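# Close look at the chain arrangement
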Amino acid sequence: MYHRFNDERYPSTSISNQNFTDQIDYLTKENFKILPLSDLVSFFKGETTLPDKSIFITVDDGYKSFYENGFPILKEKNLPFSLFLSTKFVSKNNDSDFMNWEMIKELAQNNGDILNHTASHKKLVNLEIEEVKKEILLAEKKINSKVPSLKILSYPFG
């Protein structure tokens, strides 16, 4: 699970391009099977098995640094990944730290699953159940209006 890429302002949630490249090179060299999350869903439903050494690459939040730094590495190797998106932060401002919908659509066209990370990334444990439902459903509706999406949720803050 990743967040930011090559963004030295946030060392606790960022990975350097070199470190990420080294990790991906290791995984491919050691014959790990990098799979889309849809394969994991099928496995949990009992519809399929997973190969040995299966791994899933996930990225949270929709930071532009992934689009600029991590995505090109995955795209070059034609590897699947999942972006868990909090839709409130998708930006129209080029100076934003977050991606815009055009970038997100490009990810979806290049082995990226765009998935739900709620509308505003609130701590769901602090909310009433109706607000939790609203957070999830608003994000699901927005994502599905822009790109095809599976019903998979990454819970903000674990």
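All figures in this text were calculated on a predicted structure; none of them were measured in a lab.

Here we come to the overall build of the chain. For the chain, the helix and strand inventory stands at five helices and seven strands. Counting from the amino terminus, helix and strand elements in the chain follow one another as β-β-α-β-α-β-β-α-β-α-β-α. The C-alpha atoms of the chain give a radius of gyration of 16 Å, which matches the 15 Å a tight globule of 158 residues would have. Counting the 158 residues in the chain, one finds 42% classified as buried. At a minimum sequence separation of 6, the contacts of the chain that also span at least 24 residues come to 62%. With an accessible surface of roughly 9,200 Å², the chain has 49% of that area assigned to carbon and sulfur atoms. Mean positive and mean negative side-chain charge positions of the chain (20 and 22 charges, respectively) differ by 5 Å.

The subject of this paragraph is a nonpolar patch on the surface. A surface patch of nonpolar side chains, amounting to about 290 Å² of accessible area, comprises Val 125, Leu 153 and Tyr 155. Judged by its relative accessible area of 66%, Val 125 falls in the exposed class.

When two helices pack together, their arrangement is given by the angle between their axes and by how far apart the axes lie. Running from N to C, helix H3 (residues 64–76) and helix H4 (residues 101–108) cross one another at 20°; their axes reach a closest spacing of 11 Å. The angle between the axes of H3 and H4 places the two elements in the roughly parallel class. As H3 runs across H4, the sense of the crossing is left-handed. Contacts between H3 and H4 pair Lys 64, Phe 66, Tyr 67, Phe 71 and Lys 75 from the former with Met 103, Glu 106 and Leu 107 from the latter. Taken together, the residues of the contact of H3 with H4 break down into five nonpolar, no polar and three charged.

Once that is clear, we can look at the packing of aromatic side chains. In the structure shown here, the tally under the stated rule is 12 aromatic pairs. Ring geometry for Tyr 2 against Phe 20: centres 5.0 Å apart, planes inclined by 85°, an arrangement best described as edge-to-face. Remark: Phe 20 occurs in helix H1 (residues 17–29) and Tyr 2 occurs in the segment before strand S1 (4–5); sequence separation between them is 18 residues. Here the two residues Tyr 2 and Phe 20 agree in accessibility, since each one is buried. A centroid spacing of 5.8 Å and a plane angle of 55° characterise the contact between Phe 43 and Phe 44, whose relative ring orientation is tilted. When the ring centre of Tyr 10 is taken as reference, the NZ or CZ atom of Arg 4 above it lies at 3.6 Å.

This model, assessed by the stated rule, comprises 10 salt bridges. With its nearest N and O atoms 3.3 Å apart, the salt bridge here joins Lys 77 to Asp 25. Residue Lys 77 is found in the loop between H3 and strand S6 (81–85), and its partner Asp 25 is found in helix H1; the two are separated by 52 residues along the sequence. Where Glu 140 meets Lys 151, a salt bridge forms, and the shortest distance between an N and an O atom there is 3.4 Å. Of this pair, Glu 140 sits in helix H5 (residues 129–146) while Lys 151 sits in the segment after H5, placing them 11 residues apart in sequence. Relative accessible area serves as the criterion here: at 22%, Glu 140 is assigned to the partly exposed category. For Lys 151, a relative accessible area of 72% translates into the label exposed.

A separate point is the sheet that holds strand S5 (residues 58–60). Reading across the sheet, the three strands line up as S5-S6-S7 and stay open at both edges, with parallel pairing between neighbours. At either margin of the open sheet sits one strand with a lone partner, and together these are S5 and strand S7 (112–116). Averaged over neighbouring strand pairs, the angle between their axes works out to 25° when direction is ignored. Here five bridges tie S6 to S7, and the two strands are oriented parallel to one another. Bridging across to S7, Phe 81 finds its partner in Gly 112. Set on the sheet, helix H2 (residues 37–44) makes contact with S5, S6 and S7; between it and S7 the angle comes to about 65°. Of the strands in this sheet, S6 and S7 touch H4, which is tilted by about 125° from S7.

Scoring rules and cut-offs
Residues numbered from 1 in each chain as written. Predicted model: local features only at pLDDT ≥ 70, side-chain atom pairs only at ≥ 80, totals over all residues. Heavy atoms only, no water. Helix = DSSP H or I, 4+ residues; strand = E, 2+ residues; numbered from the N terminus. Rg over C-alpha atoms; globule rule 2.2 N^0.38 Å. Buried < 20%, exposed > 50% of the residue type's maximum accessible area, 1.4 Å probe, protein only. Contact = heavy atoms within 4.5 Å. Areas by Shrake-Rupley, 256 points an atom, 1.4 Å probe, with all protein chains shown as cover. Lys, Arg positive; Asp, Glu negative; His and termini not counted. Charge placed at Lys NZ, Arg CZ, Asp CG, Glu CD. Patch = residues over 30% accessible without salt bridge, like charges linked within 9 Å, V, L, I, M, F, W, Y side chains within 5 Å. Salt bridge = Lys/Arg side-chain N within 4 Å of Asp/Glu carboxyl O. Axes fitted to C-alpha atoms, helices over the stretch in contact; angles between N-to-C directions. Parallel < 35°, antiparallel > 145°, perpendicular 65-115°, else oblique. Left-handed = near helix turned anticlockwise from the far one by under 90°. Nonpolar A, V, L, I, M, F, W, Y, C, P; charged D, E, K, R; others polar. Phe/Tyr/Trp six-rings, centres within 6.5 Å; stacked < 30°, edge-to-face > 60°. Lys NZ or Arg CZ within 6 Å of the ring centre and 35° of its normal. Pairing = 2+ DSSP bridges.

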